[in-house]
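# Chains, contacts and geometry: an overview
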Amino acid sequence: MEIFTLLETLEDILENSKKIPFTEKGVVNKEEILEIIKEIRLKLPDELKQAKWVKEERQRILVEAQKEADDIVKEAENRIISMIDEHEITRKAYEQKAQIIETANEMSREISKGTKDYADSILQSIEVVLEDSLKIIQNNRKELK
């Protein structure tokens, strides 16, 4: 910024001015000082406009960055919710799978028991028929003797 350069020049002039003996006062070239002040006044509005623009630009960038950060957080939250939902769906699917397997096993046990009961019933009927047949055969043998 040129204003700072002009202010430094002004400081240099004041520091390098001839001192009045026994005081802190110095002798300076009035025209030179007034010329530097005039240049400062001319440059000050441009510098202020530039500073204002920089400040507004900074604010705009901060607002944009905050919006982007909010969007990222929102997206992350939505992703987490989605993952939780997927996890819930997966958990329910595993529960259903376990229930289906348990139902299938129970049906298998019932079918197996039914099959064994049916086979036992058939074998019992055959046993009765065979016992009756054996009795008839034994009676027929006795009659033959």
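This text goes with the structure placed above it.
Here we summarise the structure given alongside this text. Keep in mind that what you see is a predicted model, and the values were worked out from it rather than measured. (Residues numbered from 1 in each chain as written. Predicted model: local features only at pLDDT ≥ 70, side-chain atom pairs only at ≥ 80, totals over all residues. Heavy atoms only, no water.)

The next subject is the overall build of the protein chain. Helix and strand counts for the protein chain come out as 2 helices and 2 strands. Element order for the protein chain, N to C, with α for helix and β for strand: α-β-β-α. In summary, the protein chain has a C-alpha radius of gyration of 54 Å against a globular reference of 15 Å for 145 residues, an excess of more than 25%. By principal-axis analysis of the C-alpha atoms, the protein chain measures approximately 170 × 30 × 15 Å. Across the 145 residues in the protein chain, those meeting the buried criterion constitute 6%. Within the protein chain, counting contacts between residues at least 6 apart in sequence, those at least 24 apart form 45% of the total. (Helix = DSSP H or I, 4+ residues; strand = E, 2+ residues; numbered from the N terminus. Rg over C-alpha atoms; globule rule 2.2 N^0.38 Å. Buried < 20%, exposed > 50% of the residue type's maximum accessible area, 1.4 Å probe, protein only. Contact = heavy atoms within 4.5 Å.)

Where like charges cluster on the molecular surface, the negative patch consists of Glu 8, Glu 11, Asp 12 and Glu 15. For Glu 15, the location among the structural elements is in helix 1 (residues 2-15). On the basis of relative accessibility, which here comes to 58%, the residue Glu 15 falls in the exposed class. (Patch = residues over 30% accessible without salt bridge, like charges linked within 9 Å, V, L, I, M, F, W, Y side chains within 5 Å. Areas by Shrake-Rupley, 256 points an atom, 1.4 Å probe, with all protein chains shown as cover. Salt bridge = Lys/Arg side-chain N within 4 Å of Asp/Glu carboxyl O. Lys, Arg positive; Asp, Glu negative; His and termini not counted. Charge placed at Lys NZ, Arg CZ, Asp CG, Glu CD.)

The next thing to look at is the packing of helix 1 against helix 2 (residues 30-144). Contact geometry of helix 1 with helix 2 gives a least axis separation of 9 Å together with a crossing angle of 160°. Judged by the inter-axis angle, helix 1 sits roughly antiparallel to helix 2. Crossing hand, helix 1 versus helix 2: left-handed. Contacts between helix 1 and helix 2 involve Glu 2, Ile 3, Leu 6, Leu 7, Thr 9, Leu 10 and Ile 13 from the first element and Glu 32, Ile 33, Ile 36, Glu 39, Ile 40, Lys 43, Leu 44 and Glu 47 from the second. The residue inventory of the contact of helix 1 with helix 2, partitioned by class, reads 9 nonpolar, 1 polar and 5 charged. (Axes fitted to C-alpha atoms, helices over the stretch in contact; angles between N-to-C directions. Parallel < 35°, antiparallel > 145°, perpendicular 65-115°, else oblique. Left-handed = near helix turned anticlockwise from the far one by under 90°. Nonpolar A, V, L, I, M, F, W, Y, C, P; charged D, E, K, R; others polar.)

Our next topic: helix 2. Taking 1.5 Å of rise per residue, 115 residues should cover 171 Å, and helix 2 covers 165 Å from first to last C-alpha, within 8% of that figure. Along its length, helix 2 shows its largest kink, about 35°, at Lys 43, and proline Pro 45 lies within four residues downstream of that point. Among the structural elements, helix 1 are those in contact with the buried residues of helix 2. (Expected span 1.5 Å × (residues − 1). Bend = angle between axes of the 7 residues up to and from the residue.)

Membership of the largest hydrophobic core is limited to 7 residues, which are Ile 3, Leu 6, Leu 10, Ile 13, Ile 33, Ile 36 and Ile 40. Of all the secondary-structure elements, those providing two or more residues to this core are helix 1 and helix 2. When residues in this core are grouped by element, the largest group, 4 residues, is from helix 1. Ignoring any residue separated from it by four or fewer positions in sequence, one finds Ile 13 in contact with Val 28, Glu 32, Ile 33 and Ile 36. (Core = buried A, V, L, I, M, F, W, Y, C linked by side-chain atoms within 4.5 Å.)

Before going further, it helps to examine helix 1. Between its first and last C-alpha atoms helix 1 spans 20 Å; for 14 residues at 1.5 Å apiece the expected length is 20 Å, and the two agree. All buried positions along helix 1 are accounted for by Ile 3, Leu 6, Leu 10 and Ile 13. Along helix 1, the residues classed as buried sweep out an arc of 80° about the axis, all on the same side. Against the buried residues of helix 1 lie helix 2. (Arc of directions from axis to C-beta.)

Scanning all chains against the criterion turns up 9 salt bridges. With its nearest N and O atoms 2.5 Å apart, the salt bridge here joins Glu 57 to Arg 60. Note that Glu 57 and Arg 60 are positioned in helix 2 at a spacing of 3 residues, about one turn of the helix. For Glu 57, a relative accessible area of 23% corresponds to the partly exposed category. Among the salt bridges present, the one from Glu 64 reaches Arg 60, with a minimum N-O distance of 2.8 Å. Linking Glu 64 with Arg 60, this pair stays in helix 2, spanning 4 residues, or about one helical turn.

Scope: geometric values only; no functional claims are made or implied.
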